[in-house]
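# A look at the structure
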Amino acid sequence: MNKKIIPILSVVCVVLAVVLVVVLTRGIGGQPAMEYKVGITQIVTHDALDLCRQGFIDQMEDEGFVEEENVNYILRNAGGDMSTASSIADYFVSVDVDLIFSIATPTTQACASAVEDTDIPIVFAAVTDPVAAGFAANWTVPGGQVTGASDWADVGAQVKLGMDIYPAARLGVIYNDGEVNSVVQVDELKKVAASLNITEIVEATAASTADVYAAAMSLVGSVDAIWEPSDNTVAAAIGSVVAVCEEYDIPLFASDISMAKGGAISGLGLDYYVNGQEAAKLAARVLRGENPANIPISTTPMTIVYLCPAAAAEMGVTIPPAVLDTATEVCGNQS
Amino acid sequence: MLDVAGHVLSFSLYEGLVFGFVAIGVYLTFRVLGFPDLTVDGSFTLGAAVAAVLIVKGVNPSLATLAAFGVGLCAGLATSLLNTKLRIPALLAGILMMVALYSINLRVMGGANVSLLREVTIFTQVSEFLGVGTRIVRSLIVAGGLVVIVFFILNWFLRTEIGLALRATGDNEQMVRGFGVNTDMTTILGVSISNGLVALGGAVVAQGQGFADVGMGIGMIVMGLAAVIIGEALFRPKGVARLLLAVLGGTFIYRLVISIALRLGIAPGDLKLITAVLVIIALAVPYLQKKVQREWMPPAARW
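Per chain, the residues get numbers from 1 upward, laid out in the order the sequence is written. Note on labels: chains are lettered from A, ligands numbered from 1, in written order. pLDDT decides what is reported in this predicted model: residues at 70 or higher carry local features, side-chain atom pairs at 80 or more are listed and counted, and totals for whole chains, interfaces and linings draw on all residues regardless.

### Focus: the packing of helix α2 (residues 40-56) of chain B against helix α9 (residues 183-209) of chain B
All names here are of chain B. Contact pair α2 / α9: the axes reach a minimum separation of 7 Å and the direction vectors enclose 50°. Here α2 lies oblique to α9, going by the angle between them. In the crossing of α2 with α9, the sense of the turn from one axis to the other is right-handed. The segment α2 lies against α9, with V40, S43, F44, T45, L46, G47, A48, A51 and A52 engaging N195, V198, A199, L200, G201, G202, A203, V205, A206 and Q207. Only the stretch in contact is used when a helix axis is fitted, and all axes are lines through C-alpha atoms; the angle between N-to-C directions ranges over 0 to 180 degrees. We count a stretch as a helix when DSSP gives it H or I for four or more residues in a row; a strand needs E for two or more, and each element gets its number in order from the N terminus. An angle counts as roughly parallel when it lies under 35 degrees, as roughly antiparallel when it exceeds 145, as roughly perpendicular when it falls between 65 and 115, and as oblique in every other case. In this scheme, a crossing is called left-handed if the near helix is turned counterclockwise away from the far one by less than a right angle; it is called right-handed if the turn is clockwise. Contact between residues is assigned whenever the C-beta positions, reconstructed from backbone atoms, fall within 7 Å.

### Regarding the pairing of strand β4 (residues 122-127) of chain A
Residues and elements named next belong to chain A. Within β4, six of the six residues are buried, which leaves it mostly tucked inside the rest of the structure. Sheet analysis places strand β3 (residues 99-103) next to β4, joined by four bridges and oriented parallel. Paired with I100 across the two strands is I122, which belongs to β4. A crossover gets the label right-handed when its path from the first strand over the helix to the second runs clockwise, viewed with the strands pointing away from the viewer. With helix α4 (residues 105-114) bridging β3 and the parallel β4, this β-α-β connection has right-handed handedness. Whether two strands pair comes down to DSSP finding at least two bridges between them. Strand direction decides the pairing type here: β4 and strand β5 (residues 146-150), joined by four bridges, are parallel. Bridging across to β5, F124 finds its partner in G148. Put plainly, a residue is buried at 20 or more neighbouring C-beta atoms within 10 Å of its own, exposed at 12 or fewer, and partly exposed in between, counting only other residues' C-beta atoms, which are placed from the backbone.

### As for the packing of helix α3 (residues 82-94) of chain A against helix α11 (residues 240-264) of chain B
Here α3(A) crosses α11(B) at 60°, and the two axes come no closer than 10 Å. As judged from the angle between their axes, α3(A) and α11(B) are oblique. For the pair α3(A) and α11(B), the sense of crossing is right-handed. Here T84(A), S87(A), I88(A) and Y91(A) of α3(A) come into contact with α11(B), specifically with I258(B), S259(B), L262(B) and R263(B). Classifying every residue of the contact of α3(A) with α11(B) gives four nonpolar, three polar and one charged. We call Asp, Glu, Lys and Arg charged. Ala, Val, Leu, Ile, Met, Phe, Trp, Tyr, Cys and Pro are nonpolar, and the rest, Gly among them, are polar.

### Quick notes on helix α10 (residues 220-235) of chain B
In a regular helix each residue adds 1.5 Å, so 16 residues correspond to 22 Å; α10(B) covers 22 Å between its end C-alpha atoms and thus fits that length. Positive backbone phi, at 45°, marks R236(B), one or two positions downstream of α10(B). Multiplying 1.5 Å by the helix residue count minus one yields the expected span of that helix.

### Here we look at unusual backbone geometry
All names here are of chain A. Even without being glycine, A126 reaches a positive phi, approximately 60°. Here A126 lies in strand β4. For A126, a count of 27 C-beta atoms within 10 Å puts it in the buried group. Unlike most non-glycine residues, D249 shows phi in positive territory, near 50°. Look at D249 and you get exposed, because 11 C-beta atoms sit within 10 Å.

### Some points on the sheet that holds β3(A)
The parallel open sheet is built from six strands, whose spatial order is β2-β1-β3-β4-β5-β11 (chain A). The sheet is open, and its two edges are formed by β2 (71-77) and β11 (298-299) of chain A, each paired on a single side.

### Considerations on the confidence of the model for chain A
Confidence scores per residue from the predictor, reported as pLDDT, run from 0 to 100. Taken residue by residue, chain A gives an average pLDDT of 88. The fraction at 70 or more is 89%. Least confident of the elements in chain A is helix α1 (residues 2-30) of chain A, whose mean pLDDT is 59; most confident is β3(A), at 97.

Written out as structure tokens, the structure reads:
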């Protein structure tokens, strides 16, 4: 008796699975036919990434691609699981979507491998360096099936915000030269320095959080202001930089918002909703027939302006009213 | 429309094969040795990281994949040495190695992510050699070929004298020791081979999906265990060869369920619940069956 039940059970399971697959395929065939079918894949549920997706869908509507009118979105989320990200990519390929909108780097890499044999284009968002991630040959001519909106920070705009508050001829930077990302930012700073009337950039490096205080002290007297790149080492010890700057009245400007909230005067960041909108503009062009290989990767304008008049007062400067008006976020009642 | 069903089945088959390495590895430790080894999440990523970095540096992908197997062996060796020589409980030894491997993987990759797009992989190598084009065909050929090789080697190995001693260690360690077998040695051997296979799986998966990422091993132990349990519950295998096939079958069904769930558009948060329910069903069925037939079954183990 027992020995007969097991094979029967196994057969029933397999049959059920096959029936399920067949029913599913029918289900897909039975959907109202839209002009476009767009697959949206997201690595994980996260505020910034959800905003990015919403920005994409909203902007697509402005571009004339309205959900359930002429576009069907297939939304999938890998729940942080890379193997699921691959399964999603393969699923999009198998139902032959017209375009994949991929949010974050691993999902885009998974999709880029999955579409190899097809001509399905991919538009990404929330990816910092698509060239290093391997799915674009370069920023201006990606050269493959993939283009999109990067969340690369605009160093020039970040430094300019600081210089608008307090023009400094001699600008100090503190960073860990072991962090690739920081070195890239400082190189970028050197390129834009002349256009912002900065005559000298004084570098101080810190290999660990314990060295940050000494690095900040080494800049006292030789700089007019300090600009702080997004550096993980300094971010962890930003308090010691703030302490030095307040003590010696050196204005401290930060790159990103989280660094700025550590006690700097200003910070400039990007809104992931806007990042999604930028991607949608590119996606619309692709759906209208342009080749993604020739669409330059766009960067997202930095729209979140964080300013802290209280910190400015501690460091001996006042934020000009014209600049203060541009703030989207002003610090609370902190000293 | 039937080609969609064919696609789901063939893609799940491919995933069943590549993740089958992980499941076979988990099967070796958990079931054969009775050694609950949690190194898997780390050694899977380690295999992927080593293979990816070597390939990017221009090493032949086949060699890089083999190297991944080698470093996996080392990871397993470390875990089993912690257990046998330092007397750290197996569960803890595995967790410690898993944590340590996270840092090591970051060092190996020099970052969180290494891209393999447009690099020569074992997949492109084989498709060039055989002249077959489509992605799914070449994926199945490579994965199938590797699984067949591993299958035959393991099938042979587990029947040799050492292999038998290894299997007996899990069944009754004291008896085996009484026969003069060094059970430390068999444990070390088993855990090393297990992690070698897991790392091999990681190397193949990374080449298939086009990147290695420090987070890609998360959940591998759960997937491996689920596959083993589903395979055992569904196929009731007897003998080494059938057991290995059952484990591969279990992996296939596990991935098939995920593929179907994705097609149904199940919310991301619910996906994990579905896999948990699947495993619970597979675990409960044997007991419920015995209960119906009024047979006795021992209480569950508590490790």
